[in-house]
Amino acid sequence: MKPTLLILAAGMGSRYGGIKQLDQFGPNGETIIDYSLYDAIRAGFGKVVFIIREELRADFEEVFGPKLKGKIDYDYAIQGFQSYVPVELGEIERAKPWGTGHAMLCGWEQTQTPFAIINADDFYGLEAFQLVADFLNTSADDSEHTLIAYQVKKTLSENGTVSRGVCEVNYEGYLDVVTERTKIFPQEGKIYFEESGELTELGPETPVSMNFWGFKPSVFPITQTLFSDYARNNYNAPKAEFYIPVVATHLIKSGLGKLKVIPNASEWFGVTYPEDKPTVQAALKKLHEDGKYPSQLW
């Protein structure tokens, strides 16, 4: 069974100021998602699931449906404010979606195979898709999952702070803990994260999660239990988010799973701020010029 690719595309784009999932960055008007789809097909994935808000479905179908038809199976999962929320909590008022861990849970019904999960607005490179596909195709342990790691120095923005999952890896190459740092930035040749008004330095080669994970389906019921507890504790916090690293940390600490950290040499780039767009456009243009992608993807 070929692995499935889940694409996290329900975000609001608050810092970007628009729906960056569908914005055009490539030389022929390609979205960043187009490159992930193209690389996933080349790496042997068998299905794509777009995790979106209901109001985006028609746009996604119009943009990606004609490109994917006949090339790979695809489906949609809706990340709603009430999705998987315990019924006794009633109607939940939210300012934004519940976060990446909740989004992954929302793709459960559409996912029957081992799967990778990525951000819609990040460019990961072909090598990353090949690495995760190889892992998902060969790992026979249902409790063994993976994380494709990048060096923090290759994931920064010149236009503001970024959020990254900072990883600690043991001597066997498995993840010990991943901690979400929401304000990482370069300053005077060094890299820091800020928390509670204090600055902590990060080494430039510190492995970080760019939300490129590989999971076995066994993760879904575990995630559901965790999210139910989280929702009960945060139902009155409209901006609280349930992250995938919370799930990963629980797997490790509970002994229910382990995550192989796979280093990745690919260049990563993504879009957080409007000012990031020209940099991404230039990088994609160069990839086409260098022959990494054909003149027309589709």
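What comes next is a walk through the structure. (Residues numbered from 1 in each chain as written. Predicted model: local features only at pLDDT ≥ 70, side-chain atom pairs only at ≥ 80, totals over all residues. Heavy atoms only, no water.)

Here's the deal with helix α1 (residues 32–43)
Just so we agree on the cut-off: Helix numbers and strand numbers start at the N terminus; a helix is a DSSP run of H or I with at least 4 residues, a strand a run of E with at least 2. For a helix, the expected span equals 1.5 Å multiplied by the residue count minus one. Whether a residue is buried, partly exposed or exposed follows from its accessible area with a 1.4 Å probe, protein chains only, as a fraction of its type maximum: under 20%, in between, or over 50%, in that order. Polar contact is defined as a pair of N or O atoms within 3.5 Å, subject to the rule that within protein one atom must be able to donate a hydrogen and the other to accept it, and that residues adjacent in sequence are counted only when both atoms are side-chain atoms.
Under the 1.5 Å per step criterion, the end-to-end length of α1 is 17 Å for 12 residues, consistent within 8% with the ideal 16 Å. Of all 12 residues making up α1, 10 are buried, and the element is well covered by its neighbours. Of the residues making up α1, those classed as buried are Ile-32, Ile-33, Asp-34, Tyr-35, Ser-36, Leu-37, Tyr-38, Asp-39, Ala-40 and Ala-43. Put simply, Thr-31 is the residue that caps the front of α1, since its side-chain oxygen is 3.3 Å from the backbone nitrogen of Ile-33. Looking one or two residues past α1, Gly-44 carries a phi angle of roughly 100°, positive in sign.

Structural notes on the environment of Phe-269
Secondary-structure assignment places Phe-269 in strand β13 (residues 269–270). Accessibility expressed as a relative area gives 15% for Phe-269, which makes it buried. Considering only alpha carbons, one finds Phe-269 and Leu-131, 138 residues apart in sequence, at a separation of 18 Å.

A short note on the pairing of strand β2 (residues 47–52)
Walk down a regular strand and you will see the side chains alternate between the two sheet faces. Worth spelling out the cut-off: Pairing between strands is defined by DSSP: at least two bridges between the two strands are required.
Of all the six residues making up β2, six are buried; the element is thus mostly covered by neighbouring parts of the structure. The alternating pattern of β2 places Lys-47, Val-49 and Ile-51 on one face and Val-48, Phe-50 and Ile-52 on the opposite face, and all of these are buried. Sheet analysis places β2 next to strand β3 (residues 73–78), joined by six bridges and oriented parallel. From the neighbouring strand, Phe-50 faces β3, where its bridge partner is Tyr-76.

Topic: the pattern of salt bridges
For clarity, the cut-off: Should a side-chain nitrogen of Lys or Arg be within 4 Å of a carboxyl oxygen of Asp or Glu, the pair is scored as a salt bridge.
Inspection of every chain in the model, using the stated rule, returns 12 salt bridges. When the shortest N-O distance is used, the salt bridge between Asp-39 and Arg-42 registers 2.6 Å. Of the two residues, Asp-39 and Arg-42 both sit in helix α1, three residues apart, roughly one turn of that helix. Relative accessible area serves as the criterion here: at 38%, Arg-42 is assigned to the partly exposed category. With a shortest N-O distance of 3.0 Å, Glu-55 and Arg-53 are connected by a salt bridge.

Observations regarding the nonpolar core
For clarity, the threshold we go by: Here, nonpolar core refers to any group of buried Ala, Val, Leu, Ile, Met, Phe, Trp, Tyr and Cys residues whose side-chain atoms link them within 4.5 Å.
Of all hydrophobic cores here, the largest spans 41 residues; its most connected members are Ile-7, Phe-45, Phe-50, Phe-60, Tyr-124, Phe-129 and Phe-212. A per-element tally of this core places helix α4 (residues 126–138) first, with six residues.

As for the packing of aromatic side chains
What counts is decided by this rule: Aromatic pairing here means that ring centres of Phe, Tyr or Trp (its six-membered ring) are within 6.5 Å. Orientation follows from the plane angle: under 30 degrees is stacked, over 60 is edge-to-face, and everything else is tilted.
A full pass over the atoms with the stated rule returns 26 aromatic pairs. Ring centres 6.5 Å apart and planes at 80° place the aromatic pair Tyr-124 and Phe-129 in the edge-to-face group. Like Tyr-124, the residue Phe-129 is buried in the burial classification. Where Trp-213 meets Phe-215, the ring centres are 5.8 Å apart and the plane angle is 20°; that geometry is what we call stacked. Residue classification places Trp-213 among the buried residues on the basis of a relative accessible area of 0%. Given the relative accessible area of 0%, Phe-215 is considered buried.

Observations concerning the layout of surface pockets
Keep this limit in mind: Grid points spaced at 1 Å over the protein atoms alone were grouped into cavities, where a 1.4 Å probe fits but cannot get out, and pockets, open sets with protein on both sides within 12 Å along at least five of seven lines, with lining residues defined by an atom within 4 Å of a point. Grid points are joined across faces, edges and corners, and a volume is the space filled by probe spheres set on the points. The nonpolar class holds Ala, Val, Leu, Ile, Met, Phe, Trp, Tyr, Cys and Pro. Asp, Glu, Lys and Arg form the charged class, and all remaining residues, Gly among them, are polar.
Of the volumes computed, that of the second largest pocket is approximately 300 Å³. Together, 14 residues line the second largest pocket, and Phe-123, Gly-125, Glu-267, Leu-287 and Lys-292 are the ones closest to its centre. Contributing elements (two or more residues each) for the lining of the second largest pocket: α4 and α7 (277–289). Of the residues forming the lining of the second largest pocket, the biggest block, three residues, is contributed by α7. Of the residues contributing to the lining of the second largest pocket, the split by class is six nonpolar, two polar and six charged.

Side note on α7
What counts here: By arc we mean the arc of the directions from the helix axis to the C-beta atoms, nothing more. Two residues form a contact once any of their heavy atoms are found within 4.5 Å.
Along its 13 residues, α7 runs 18 Å from first to last C-alpha, staying within 8% of the 18 Å computed at 1.5 Å per residue. Residues Val-280, Leu-284, Leu-287 and His-288 constitute the buried set of α7. Projected down its long axis, α7 carries its buried residues within an arc of 100°, all on one side. Opposite its buried face, α7 presents the exposed residues Thr-279 and Glu-289, each directed more than 90 degrees away. Those residues of α7 that are buried lie in contact with α1, β5 (122–123) and β13. Remark: Gly-291 follows α7 within two positions and exhibits a positive phi of approximately 85°.

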